[in-house]
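If you want the building blocks of each chain, they are given just below.
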Number of protein chains: 2
Amino acid sequence: MKNMSVLTEKAKEQGLRLTRQRKVVYEELTKVDTHPRAEEVFQMVKRRLPQVSLGTVYRNLKTLKEMGLISEYKYARNYSRFDARMEAHNHFTCLKCDRVFDLLEPPNLNFQQILPKQSGFKVRYSRLEFYGECPNCSRMNSF
Amino acid sequence: MKNMSVLTEKAKEQGLRLTRQRKVVYEELTKVDTHPRAEEVFQMVKRRLPQVSLGTVYRNLKTLKEMGLISEYKYARNYSRFDARMEAHNHFTCLKCDRVFDLLEPPNLNFQQILPKQSGFKVRYSRLEFYGECPNCSRMNSF
DNA sequence: TTAAGTGCAAATTCTTTGCATCATA
DNA sequence: TATGATGCAAAGAATTTGCACTTAA
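Residues numbered from 1 in each chain as written. Chains lettered and ligands numbered in written order. Predicted model: local features only at pLDDT ≥ 70, side-chain atom pairs only at ≥ 80, totals over all residues. Heavy atoms only, no water.

Draft legend 1. Region of interest: the protein's contact with DNA strand D. Taken together, 23 residues lie near DNA strand D, and Arg17(A), Arg22(A), Thr56(A), Arg37(B) and Tyr58(B) sit nearest. In this structure, Ser53(A) approaches DNA strand D through a main-chain N or O atom, which is 3.1 Å from a phosphate oxygen. Contributions of two or more residues to the surface near DNA strand D are made by helix H2 (20–31) and helix H4 (54–66) of chain A together with helix H4 (54–66) of chain B. Considered class by class, the residues forming the surface near DNA strand D number seven nonpolar, ten polar and six charged. (Near = heavy atom within 4 Å. Polar contact = N/O pair within 3.5 Å; in protein donor to acceptor, adjacent residues only side chain to side chain. Helix = DSSP H or I, 4+ residues; strand = E, 2+ residues; numbered from the N terminus. Nonpolar A, V, L, I, M, F, W, Y, C, P; charged D, E, K, R; others polar.)

Draft legend 2. Structural view of the sheet that holds strand S3 (residues 90–94) of chain A. The six strands are arranged S4(A)-S3(A)-S5(A)-S5(B)-S3(B)-S4(B) in an open sheet whose pairing can be described as mixed. The open sheet terminates on both sides in strands that have one partner only, identified here as strand S4 (100–103) of chain A together with strand S4 (100–103) of chain B. The mean inter-strand angle of the sheet, taken between neighbouring strand axes irrespective of direction, is 25 degrees. (Pairing = 2+ DSSP bridges. Axes fitted to C-alpha atoms, helices over the stretch in contact; angles between N-to-C directions.)

Draft legend 3. Molecular detail of the packing of helix H3 (residues 38–48) of chain B against H4(B). All names here are of chain B. Where H3 meets H4, the axes come as close as 9 Å, and the angle between the chain directions of the two elements is 115 degrees. Comparing their axes, H4 and H3 come out roughly perpendicular. In this structure, the crossing between H3 and H4 has a hand that is right-handed. From H3, Ala-38, Glu-39, Val-41 and Phe-42 reach across to H4, where they touch Leu-54, Val-57, Tyr-58 and Leu-61. In the contact of H3 with H4, the residues fall into seven nonpolar, no polar and one charged. (Parallel < 35°, antiparallel > 145°, perpendicular 65-115°, else oblique. Left-handed = near helix turned anticlockwise from the far one by under 90°. Contact = heavy atoms within 4.5 Å.)

Draft legend 4. Main features of the environment of Leu61(A). Relative to the elements of secondary structure, Leu61(A) occurs in helix H4. Not counting the four nearest positions on each side in its chain, Leu61(A) is found in contact with Val25(A), Leu29(A), Ala38(A), Val41(A), Ile70(A) and Phe82(A).

Draft legend 5. Fine view of helix H3 (residues 38–48) of chain A. Within H3(A), the full set of buried residues consists of Ala38(A), Val41(A), Phe42(A), Met44(A) and Val45(A). An end-on view of H3(A) places all buried positions within 165 degrees of arc, on one side of the element. (Buried < 20%, exposed > 50% of the residue type's maximum accessible area, 1.4 Å probe, protein only. Arc of directions from axis to C-beta.)

Draft legend 6. Expanded view of the protein's contact with DNA strand C. Near DNA strand C lie 23 residues; those nearest to it are Leu18(A), Arg37(A), Tyr58(A), Arg22(B) and Thr56(B). Restricting the count to atoms of DNA strand C within 4 Å of the protein gives a sugar and phosphate share of 67%. At a separation of 3.1 Å, a phosphate oxygen of DNA strand C approaches a polar backbone atom of Ser53(B). With respect to DNA strand C, the side chain of Thr56(B) contributes an N or O atom lying 2.6 Å from a phosphate oxygen. Mapped by element, the contributors of at least two residues to the surface near DNA strand C are H4 of chain A together with helix H2 (20–31) and H4 of chain B. Of all the elements, H4(A) adds the most residues to the surface near DNA strand C, at four residues. Its residues assigned to classes, the surface near DNA strand C shows seven nonpolar, ten polar and six charged.

Draft legend 7. Summary view of the domain arrangement of chain A. Residue and element names in this part refer to chain A. Partitioning chain A into domains gives domain 1 (2–83) and domain 2 (90–141). Each partner contributes residues to the interface: domain 1 has nine residues there, and domain 2 has eight residues. Buried area between domain 1 and domain 2, both sides added, is near 800 Å², and the carbon and sulfur share of it is 45%. For the interface between domain 1 and domain 2, the tally reads zero salt bridges. (Domains from an automatic or database assignment. Buried area = accessible area lost by both parts, 1.4 Å probe. Salt bridge = Lys/Arg side-chain N within 4 Å of Asp/Glu carboxyl O.)

Draft legend 8. Here's a closer look at the packing of aromatic side chains. Here the structure, examined in full by the defined rule, presents six aromatic pairs over all chains. Pairing Phe92(A) with Phe121(B) gives two aromatic rings, centres 4.5 Å apart and planes at 50 degrees, and the pair type is tilted. In this pair, Phe92(A) is assigned in strand S3 and Phe121(B) in the loop between helix H5 (111–114) and strand S5 (122–133), connecting two distinct chains. Accessibility assignment for this pair places Phe92(A) and Phe121(B) in one class, buried. Measuring from ring centre to ring centre gives 4.8 Å for Tyr125(A) and Tyr131(B), while their planes differ by 15 degrees; the resulting arrangement is stacked. Of this pair, Tyr125(A) sits in strand S5 (residues 122–133) while Tyr131(B) sits in strand S5, which puts the two residues in different chains. Residue classification places Tyr125(A) among the partly exposed positions, given a relative accessible area of 39%. Positioned above the aromatic ring of Tyr79(A) is the side chain of Arg37(A), whose terminal nitrogen or guanidinium carbon lies 3.6 Å from the ring centre. (Phe/Tyr/Trp six-rings, centres within 6.5 Å; stacked < 30°, edge-to-face > 60°. Lys NZ or Arg CZ within 6 Å of the ring centre and 35° of its normal.)

Draft legend 9. Summary view of the pairing of S5(B). In terms of strand pairing, S5(A) meets S5(B) through eleven bridges, oriented antiparallel. Pairing of Val123(A) across the sheet is with Gly132(B), part of S5(B). Pairing geometry for strand S3 (residues 90–94) of chain B and S5(B), over four bridges, is parallel. Note on S5(B): the bridge partner recorded for Thr93(B) is Tyr131(B).

Structure below.
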């Protein structure tokens, strides 16, 4: 699993230990593309490490984020969702089933179209979030 | 103040009462363009109605949102920000001073560029959020 | 008059943290 | 073996809610 070598590398690089808990949190997060919440990650990790605590999961999610290996999204809900996919991409949140989908097509946004060059705003990053019905919920036509 | 007649209208329309607290919450929110948090709205309202409670402010923000008179933004923080400006617009969040600016230029986004027509995703609305340095913090050049 | 709305405080939800102990490097 | 990480439980921060009282319509 090449993902693990990235983790090992980064950990050594930053003088951090590679504990079983940290490894499993990262492994489980790379397995899914559902942008799980901390509680959901906790449940996934718990299946493999029954003794793990929620606090440890929170601490490792924070550490992995600081290592640049995962992203945290706080948009549109009162809790965070986590994602091990690090390429720039957009999200589609289904208002019905609450799932978050990745939209991998590049956004192709022209910032200058929106932010005039002389405005003085320096964009570090941007996020484009879509909300609506996913194909599955849309098909059931019961919105 | 024409904003108030909108409130009166909507309230009558939906069989809701127009209490002093509800009125002042809305009035204060229309006065600012700083996207205040619930606690900040509470402080603004408290200056005019010292007896008001935080719970009442939360309840009224929720009600006003349901009335379609204000918007709630939960992006990027663990708390909400509220806004009485209802036209579609984008936001710029300064990573340094944490202020949120309105960007009124229309986004001019072509959804189909990002979401292929046949994808099955039905977009209800989208949000484009910029993050970076505002003109003021950018000028101080100390990021 | 009467039910929607309020004030107050307690409860909920998500997240962080202090501390004694554990285990990686 | 030294110290970064863990488990546990308690604390925090933002928000919601139950209940008796108030007030707009």
